[in-house]
Amino acid sequence: MPTLPPEQPGPAQLHQARQMAESFGTDAHRYDQARPVYPDDLVERIVAGSPGPDVLDVGCGTGIAARQFQAAGCVVLGVEPDARMADFAQARGLRVEVASFEAWEPAGRAFDALIAAQSWHWVDPAAGAVKAAQVLRPNGRLAIFGHVFEPPAEVAEPFAAAYRRVAPDSPFDNQPARRPLDTYQTGYAKIADKIRETEQFNEPEQWRFDWEQSYTRDQWLNLLPTTGGLTRLRPDQLAEILTAVGHAIDALGGRFTMHYTTLATSAVRADTP
């Protein structure tokens, strides 16, 4: 999102921003309702490339990705640091253990796939890759993925201007309203580097899935409060941003089409004991 902490891999220190990382449970129902699901082709590719059905979902949130993997025949265990998000996921039928991935205790359990959907940037990148190798079975698949979504300039620019007005001290207020896809691809390449450093995986792969989704004014204004920098704003600050964005979408006829790219870095655990 423009001017907000990227919800894709970003600065290495982002995993230390625990208050922001654990702020998404403020409105777990809205988060689950508004956030987009992941491409079916991505889910199918991970499932087909894993040696079995046991999946560990790191930073599972409300279980958006986990439910897709359950529907594909997988047995999923979620790990989630925010108890509010975990409670919501459990109410929807997902087994969840409340912990950060770094502190989570596998207790001898091993998995055929480890996924991180829009969450790996909240994990220490070096420690996370090492722990992933420890909990995956030989030939198990690690898949880290997330959406890159930038509204059209007619929506992004008013959003960025409003955000700068209401949060002038934000560390993200000097970011451009829209960022090129290359920025995010670089982040996923850095994840691949950390995976290589473990010397426990085969060569990482980079995947890309392009798709579109149409949003009405109300649908987009429902999603916006679930994004990084907005989850911790005061109600009056949030209202000012939503008003500005709403006017911008009204000027487009009340809806717009979002061009999404879902990026992934995936690697297979080496076939060693």
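It should be noted that the structure appears before, not after, this text.
Residues numbered from 1 in each chain as written. Predicted model: local features only at pLDDT ≥ 70, side-chain atom pairs only at ≥ 80, totals over all residues. Heavy atoms only, no water.

(A) Main features of the sheet that holds strand S6 (residues 205–216). A sheet is described by the order of its strands in space; here seven strands give the open sequence S3-S2-S1-S4-S5-S7-S6, paired in mixed fashion. On the outer flanks of this sheet lie strand S3 (95–98) and S6, each paired with one strand and no other. Within the sheet, the average angular offset between the axes of one strand and its neighbour, ignoring direction, is 20 degrees. With four bridges connecting them, strand S2 (residues 75–80) and S3 associate as parallel partners. Of the residues in S3, the one forming a bridge with glutamate 80 is valine 98. (Pairing = 2+ DSSP bridges. Helix = DSSP H or I, 4+ residues; strand = E, 2+ residues; numbered from the N terminus. Axes fitted to C-alpha atoms, helices over the stretch in contact; angles between N-to-C directions.)

(B) Local environment of the side chain of lysine 131. Within the secondary structure layout, lysine 131 lies in helix H6 (residues 125–135). Looking at lysine 131, its side chain comes within polar contact range of the main-chain oxygen of phenylalanine 101, at 2.9 Å. The residues contacting lysine 131, other than those within four sequence positions of it, are Phe101, Glu102, Ala103, Trp104 and Pro106. (Polar contact = N/O pair within 3.5 Å; in protein donor to acceptor, adjacent residues only side chain to side chain. Contact = heavy atoms within 4.5 Å.)

(C) Local environment of the packing of aromatic side chains. A complete count under the given rule lists 12 aromatic pairs for this structure. Ring plane angle 5 degrees and centroid distance 4.2 Å describe the contact between tryptophan 211 and tyrosine 260, whose orientation is recorded as stacked. Of this pair, tryptophan 211 sits in strand S6 while tyrosine 260 sits in strand S7 (residues 255–268), placing them 49 residues apart in sequence. Assigned by exposure class, tryptophan 211 and tyrosine 260 land together as buried. Considering the side-chain rings of tyrosine 215 and tyrosine 260, the 6.5 Å spacing of their centres and the 45 degrees angle between planes classify their relative orientation as tilted. (Phe/Tyr/Trp six-rings, centres within 6.5 Å; stacked < 30°, edge-to-face > 60°. Buried < 20%, exposed > 50% of the residue type's maximum accessible area, 1.4 Å probe, protein only.)

(D) Spotlight on the side chain of histidine 147. Inspection of the secondary structure assignment puts histidine 147 in strand S5 (residues 136–150). The buried category is assigned to histidine 147, whose relative accessible area is 2%. Of note is the side chain of histidine 147, whose polar atom sits 2.9 Å from the side chain of threonine 262.

(E) Broad picture of the pattern of salt bridges. The full count for this structure, using the stated rule, is 15 salt bridges. The partner of arginine 67 in a salt bridge is aspartate 32, and the shortest N-O contact between them spans 2.9 Å. Taken as a pair, arginine 67 in helix H4 (residues 64–71) and aspartate 32 in helix H2 (residues 28–34) lie far apart in primary sequence, 35 residues in all. Judged by relative accessible area, which is 22%, arginine 67 ranks as partly exposed. Overall, aspartate 32 belongs to the buried group, its relative accessible area being 10%. Arginine 137 is paired through a salt bridge with aspartate 112; the nearest N and O atoms lie 3.1 Å apart. Remark: aspartate 112 occurs in strand S4 (residues 111–117) and arginine 137 occurs in strand S5; sequence separation between them is 25 residues. Look at the salt bridges and you will find they share partners, linking Asp32, Arg67 and Arg92 into a network. (Salt bridge = Lys/Arg side-chain N within 4 Å of Asp/Glu carboxyl O.)

(F) Focus on unusual backbone geometry. In the Ramachandran plot, alanine 107 falls in the positive-phi region, its phi being about 55 degrees despite a non-glycine side chain. Under the relative-accessibility criterion, alanine 107 is labelled exposed at 67%. Residue asparagine 139 is not a glycine yet carries a positive backbone phi of 70 degrees. Topologically, asparagine 139 is positioned in strand S5. Overall, asparagine 139 belongs to the partly exposed group, its relative accessible area being 33%.

(G) Region of interest: the pairing of S4. Counting buried residues in S4 gives seven out of seven residues, a clear majority hidden from the surface. In terms of strand pairing, strand S1 (residues 54–58) meets S4 through three bridges, oriented parallel. If you follow aspartate 57 over to S4, its bridge partner there is isoleucine 115. Taking the sense of rotation as the criterion, the β-α-β connection linking S4, H6 and S5 turns out right-handed. (Right-handed = clockwise from strand over helix to strand, strands pointing away.)

All quantities given are derived from atomic positions and should not be read as evidence of function.
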